[in-house]
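# A structural walkthrough
So the chains spell out like this:
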Amino acid sequence: DSYSQCADRFAIGKEKKCFAIADGVGESLFPYDWAELVCEDFIAHPELFCVDNKLIREKNLIDAWDKERQKRIENLTDTERFLYEMGLEKADFAACTFVGLCVNNKQWECQAIGDSYLFVLDKNLEIIESVASQKGEEFSNFPEYFASQAEKNHGKTIKVCGDINKVTYFVLLTDAISDWFIKVDTEKRKELLAISDMQLSNAYFFKTASLASPTRPP
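Note that the structure is a prediction, hence the values are computed from the model and not measured.

This brings us to the pairing of strand E7 (residues 117–121). Of all 5 residues in E7, 5 are buried, a share of seventy percent or more. Residues Tyr-117, Phe-119 and Leu-121 line one face of E7 and the alternating positions Leu-118 and Val-120 line the opposite face, and both faces are buried. By the bridge criterion, 5 bridges tie E7 to strand E11 (residues 169–173) in an arrangement that is antiparallel. Looking across to E11, one finds that Leu-121 is bridged to Tyr-169. Across 4 bridges, E7 lies against strand E8 (residues 127–131) in antiparallel orientation. By the bridge assignment for E8, Val-120 is matched with Glu-129. Counted between consecutive antiparallel strands, the loop separating E7 from E8 contains 5 residues, among which Leu-125 sits at a positive phi close to 65°.

If you want it as C-alpha coordinates, here you go:
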(Lines give C-alpha, C1' and ligand atoms only; values in the text may rest on other atoms or scores of the structure.)
Protein backbone atom coordinates (compact mmCIF):
# COMPACT_ATOMS: atom_id res chain seq x y z
CA ASP A 1 0.00 0.00 0.00
CA SER A 2 1.08 3.60 -0.50
CA TYR A 3 1.98 5.66 2.56
CA SER A 4 -1.16 7.79 2.02
CA GLN A 5 -3.23 4.70 2.83
CA CYS A 6 -1.47 4.18 6.15
CA ALA A 7 -3.78 4.72 9.12
CA ASP A 8 -1.03 4.60 11.78
CA ARG A 9 -0.58 7.80 13.76
CA PHE A 10 1.63 8.96 16.64
CA ALA A 11 2.01 11.91 18.99
CA ILE A 12 4.74 13.08 21.38
CA GLY A 13 4.18 15.24 24.44
CA LYS A 14 7.61 16.56 25.37
CA GLU A 15 6.47 18.63 28.34
CA LYS A 16 4.67 15.76 30.06
CA LYS A 17 7.05 13.10 28.70
CA CYS A 18 4.33 11.04 27.10
CA PHE A 19 4.05 9.18 23.81
CA ALA A 20 1.19 7.62 21.88
CA ILE A 21 0.59 5.47 18.82
CA ALA A 22 -2.68 4.36 17.27
CA ASP A 23 -3.48 2.07 14.36
CA GLY A 24 -6.68 2.96 12.54
CA VAL A 25 -8.67 -0.19 11.83
CA GLY A 26 -8.69 -0.69 8.06
CA GLU A 27 -12.30 -1.79 7.72
CA SER A 28 -13.63 1.22 9.65
CA LEU A 29 -14.56 4.71 8.42
CA PHE A 30 -11.82 7.37 8.05
CA PRO A 31 -9.70 5.61 10.71
CA TYR A 32 -6.63 7.85 10.22
CA ASP A 33 -8.50 10.92 11.53
CA TRP A 34 -9.76 9.02 14.57
CA ALA A 35 -6.31 7.57 15.32
CA GLU A 36 -4.76 11.04 15.22
CA LEU A 37 -7.43 12.55 17.48
CA VAL A 38 -6.99 9.80 20.08
CA CYS A 39 -3.19 10.20 20.13
CA GLU A 40 -3.39 13.97 20.48
CA ASP A 41 -5.91 13.66 23.32
CA PHE A 42 -3.62 11.34 25.24
CA ILE A 43 -0.55 13.60 25.14
CA ALA A 44 -2.70 16.59 26.15
CA HIS A 45 -4.32 14.77 29.12
CA PRO A 46 -2.33 11.60 29.87
CA GLU A 47 -3.41 11.49 33.51
CA LEU A 48 -7.11 11.79 32.60
CA PHE A 49 -7.39 9.90 29.35
CA CYS A 50 -9.41 6.76 29.98
CA VAL A 51 -11.36 5.36 32.96
CA ASP A 52 -13.03 1.94 33.00
CA ASN A 53 -12.42 1.51 29.28
CA LYS A 54 -14.14 4.80 28.46
CA LEU A 55 -12.40 7.80 26.94
CA ILE A 56 -12.96 10.71 29.33
CA ARG A 57 -13.39 13.27 26.53
CA GLU A 58 -15.20 10.78 24.34
CA LYS A 59 -17.94 13.19 23.21
CA ASN A 60 -15.44 15.89 22.23
CA LEU A 61 -13.38 13.37 20.28
CA ILE A 62 -16.40 11.96 18.49
CA ASP A 63 -17.66 15.44 17.60
CA ALA A 64 -14.21 16.37 16.23
CA TRP A 65 -14.06 13.18 14.15
CA ASP A 66 -17.57 13.79 12.81
CA LYS A 67 -16.55 17.27 11.61
CA GLU A 68 -13.55 15.79 9.81
CA ARG A 69 -15.77 13.14 8.24
CA GLN A 70 -18.18 15.77 6.92
CA LYS A 71 -15.30 17.71 5.36
CA ARG A 72 -14.01 14.60 3.63
CA ILE A 73 -17.45 13.58 2.36
CA GLU A 74 -18.00 17.02 0.82
CA ASN A 75 -14.82 16.62 -1.26
CA LEU A 76 -15.41 13.06 -2.50
CA THR A 77 -15.58 12.34 -6.20
CA ASP A 78 -18.55 10.33 -7.50
CA THR A 79 -16.46 7.16 -7.49
CA GLU A 80 -15.14 7.84 -3.98
CA ARG A 81 -18.65 8.56 -2.75
CA PHE A 82 -19.85 5.24 -4.16
CA LEU A 83 -17.04 3.41 -2.37
CA TYR A 84 -17.78 5.34 0.82
CA GLU A 85 -21.45 4.33 0.74
CA MET A 86 -20.47 0.71 0.08
CA GLY A 87 -18.11 0.88 3.05
CA LEU A 88 -20.94 1.97 5.35
CA GLU A 89 -22.31 -1.55 5.07
CA LYS A 90 -19.18 -2.82 6.85
CA ALA A 91 -18.77 -0.08 9.47
CA ASP A 92 -20.34 3.34 10.04
CA PHE A 93 -17.74 4.39 12.60
CA ALA A 94 -13.98 4.79 12.96
CA ALA A 95 -11.83 2.58 15.20
CA CYS A 96 -8.22 2.37 16.32
CA THR A 97 -5.95 0.31 18.52
CA PHE A 98 -3.86 2.36 20.93
CA VAL A 99 -0.76 2.47 23.13
CA GLY A 100 0.05 5.41 25.40
CA LEU A 101 3.21 5.73 27.53
CA CYS A 102 4.17 8.24 30.23
CA VAL A 103 7.52 8.34 32.04
CA ASN A 104 8.98 10.19 35.02
CA ASN A 105 12.11 9.86 37.14
CA LYS A 106 10.75 6.85 39.02
CA GLN A 107 8.39 4.85 36.83
CA TRP A 108 6.69 4.34 33.50
CA GLU A 109 2.97 3.87 32.96
CA CYS A 110 1.27 2.44 29.89
CA GLN A 111 -2.32 2.14 28.65
CA ALA A 112 -3.11 -0.10 25.70
CA ILE A 113 -5.97 -1.62 23.75
CA GLY A 114 -5.79 -3.95 20.76
CA ASP A 115 -2.82 -5.55 19.03
CA SER A 116 -0.44 -2.58 19.11
CA TYR A 117 2.44 -3.06 21.56
CA LEU A 118 4.75 -1.35 23.99
CA PHE A 119 8.07 -3.19 24.26
CA VAL A 120 10.33 -2.54 27.25
CA LEU A 121 13.96 -3.37 26.42
CA ASP A 122 17.17 -3.69 28.40
CA LYS A 123 20.59 -2.42 27.24
CA ASN A 124 21.09 -5.57 25.13
CA LEU A 125 17.77 -5.00 23.33
CA GLU A 126 16.22 -8.02 24.99
CA ILE A 127 12.51 -7.68 25.74
CA ILE A 128 11.93 -7.24 29.47
CA GLU A 129 8.19 -6.79 29.12
CA SER A 130 5.59 -6.40 26.38
CA VAL A 131 2.25 -4.68 26.84
CA ALA A 132 -0.84 -5.20 24.66
CA SER A 133 -4.41 -6.20 25.41
CA GLN A 134 -4.27 -8.86 22.66
CA LYS A 135 -0.85 -10.40 23.18
CA GLY A 136 0.03 -13.36 21.00
CA GLU A 137 -3.23 -13.36 19.05
CA GLU A 138 -3.50 -13.56 15.26
CA PHE A 139 -3.83 -10.13 13.67
CA SER A 140 -7.19 -9.33 12.07
CA ASN A 141 -9.12 -6.39 10.59
CA PHE A 142 -11.15 -6.06 13.77
CA PRO A 143 -8.94 -6.15 16.87
CA GLU A 144 -9.93 -4.55 20.17
CA TYR A 145 -10.28 -0.80 19.74
CA PHE A 146 -11.63 2.59 20.71
CA ALA A 147 -14.55 3.52 18.44
CA SER A 148 -16.02 6.83 17.29
CA GLN A 149 -19.37 5.52 18.50
CA ALA A 150 -19.18 5.08 22.26
CA GLU A 151 -21.33 1.96 22.40
CA LYS A 152 -19.08 0.20 19.87
CA ASN A 153 -15.84 0.25 21.86
CA HIS A 154 -14.49 -3.29 21.66
CA GLY A 155 -12.30 -5.01 24.24
CA LYS A 156 -10.79 -3.83 27.50
CA THR A 157 -8.01 -1.32 28.06
CA ILE A 158 -5.10 -2.56 30.17
CA LYS A 159 -2.81 -0.44 32.34
CA VAL A 160 0.73 -1.46 33.32
CA CYS A 161 3.50 0.36 35.18
CA GLY A 162 7.12 -0.40 36.04
CA ASP A 163 10.46 0.81 37.39
CA ILE A 164 12.11 3.31 35.02
CA ASN A 165 15.60 2.38 36.26
CA LYS A 166 15.37 -1.09 34.71
CA VAL A 167 14.67 0.24 31.21
CA THR A 168 17.05 1.27 28.42
CA TYR A 169 14.56 1.53 25.53
CA PHE A 170 10.82 1.82 25.03
CA VAL A 171 9.50 0.82 21.59
CA LEU A 172 5.89 1.45 20.55
CA LEU A 173 4.80 -0.53 17.48
CA THR A 174 1.58 -1.37 15.67
CA ASP A 175 0.40 -4.87 14.79
CA ALA A 176 2.43 -6.46 11.98
CA ILE A 177 5.74 -4.83 12.87
CA SER A 178 5.17 -5.89 16.49
CA ASP A 179 4.96 -9.50 15.32
CA TRP A 180 8.20 -9.02 13.38
CA PHE A 181 9.91 -7.36 16.36
CA ILE A 182 9.06 -10.25 18.68
CA LYS A 183 10.43 -12.88 16.30
CA VAL A 184 13.71 -11.29 15.19
CA ASP A 185 17.03 -11.32 17.02
CA THR A 186 18.62 -8.35 18.78
CA GLU A 187 20.71 -7.44 15.72
CA LYS A 188 17.56 -6.86 13.67
CA ARG A 189 16.08 -4.80 16.51
CA LYS A 190 19.26 -2.72 16.52
CA GLU A 191 18.89 -2.10 12.78
CA LEU A 192 15.30 -0.96 13.28
CA LEU A 193 16.20 1.45 16.07
CA ALA A 194 18.90 2.98 13.85
CA ILE A 195 16.34 4.05 11.23
CA SER A 196 15.84 7.81 11.31
CA ASP A 197 13.30 8.57 8.56
CA MET A 198 10.63 7.15 6.27
CA GLN A 199 12.91 6.72 3.27
CA LEU A 200 15.37 4.59 5.22
CA SER A 201 12.49 2.66 6.72
CA ASN A 202 11.06 1.76 3.31
CA ALA A 203 14.49 0.73 2.02
CA TYR A 204 15.16 -1.44 5.08
CA PHE A 205 11.87 -3.33 4.98
CA PHE A 206 12.01 -3.79 1.22
CA LYS A 207 15.42 -5.37 1.64
CA THR A 208 14.24 -7.52 4.56
CA ALA A 209 11.18 -8.75 2.68
CA SER A 210 13.18 -9.45 -0.48
CA LEU A 211 15.69 -11.56 1.41
CA ALA A 212 12.88 -13.50 3.04
CA SER A 213 11.02 -14.09 -0.25
CA PRO A 214 13.07 -13.08 -3.30
CA THR A 215 10.32 -13.84 -5.84
CA ARG A 216 7.58 -11.95 -4.01
CA PRO A 217 7.43 -8.18 -3.40
CA PRO A 218 6.91 -6.97 0.21
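Once you've had a look at it, read on.
Evaluated as defined, the whole model comprises 11 aromatic pairs. Note on Phe-119 and Phe-181: the rings are 4.9 Å apart at their centroids and 40° apart in plane angle, and the pair reads as tilted. Of the two residues, Phe-119 is situated in strand E7 and Phe-181 in helix H4 (residues 175–183); the sequence distance between them amounts to 62 residues. You'll find Phe-119 and Phe-181 in the same group, each marked buried. Put simply, the rings of Phe-42, Phe-49, Phe-98 and Phe-146 touch in pairs and so form one group of aromatic residues. We note Arg-189 situated over the ring of Phe-181; from NZ or CZ to the ring centre the distance is 5.3 Å.

A few words on the sheet that holds E8. In sheet architecture, strand pairing relies on hydrogen bonds along the backbone and comes in two forms, parallel and antiparallel. The antiparallel open sheet is built from 3 strands, whose spatial order is E8-E7-E11. The open sheet has two edge strands with one neighbour each: E8 and E11. Sheet twist, expressed as the average angle between the axes of neighbouring strands with direction ignored, equals 20°. Sitting on the sheet, H4 is in contact with E7, E8 and E11, with an inclination near 30° to E7.

This next bit is on unusual backbone geometry. For Asn-53, which is not glycine, the phi torsion reads 65° and is therefore positive. Among the secondary structure elements, Asn-53 is positioned in the loop between strand E3 (50–51) and strand E4 (54–55). When its relative accessible area of 18% is taken as the criterion, Asn-53 is described as buried. Positive phi values are uncommon outside glycine, yet Leu-125 reaches one of about 65°. The topology assignment puts Leu-125 in the loop between E7 and E8.

Further remarks concern a nonpolar patch on the surface. On the surface, a cluster of nonpolar side chains totalling about 300 Å² of accessible area is made up of Phe-10, Ile-12 and Phe-19. Tracing the chain through its elements places Phe-19 in strand E2 (residues 18–24). Residue classification places Phe-19 among the partly exposed residues on the basis of a relative accessible area of 30%.

Tracing the backbone shows Ala-44 in helix H1 (residues 31–44). Each C-alpha atom, one on Ala-44 and one on Glu-15, is 9.7 Å from the other, the two residues being 29 residues apart in sequence.

Thresholds applied
- Residues numbered from 1 in each chain as written.
- Predicted model: local features only at pLDDT ≥ 70, side-chain atom pairs only at ≥ 80, totals over all residues.
- Heavy atoms only, no water.
- Buried < 20%, exposed > 50% of the residue type's maximum accessible area, 1.4 Å probe, protein only.
- Helix = DSSP H or I, 4+ residues; strand = E, 2+ residues; numbered from the N terminus.
- Pairing = 2+ DSSP bridges.
- Phe/Tyr/Trp six-rings, centres within 6.5 Å; stacked < 30°, edge-to-face > 60°.
- Lys NZ or Arg CZ within 6 Å of the ring centre and 35° of its normal.
- Axes fitted to C-alpha atoms, helices over the stretch in contact; angles between N-to-C directions.
- Contact = heavy atoms within 4.5 Å.
- Patch = residues over 30% accessible without salt bridge, like charges linked within 9 Å, V, L, I, M, F, W, Y side chains within 5 Å.
- Areas by Shrake-Rupley, 256 points an atom, 1.4 Å probe, with all protein chains shown as cover.
- Salt bridge = Lys/Arg side-chain N within 4 Å of Asp/Glu carboxyl O.

It is worth stressing that arrangement in space is one thing and function is another; only the former is reported here.
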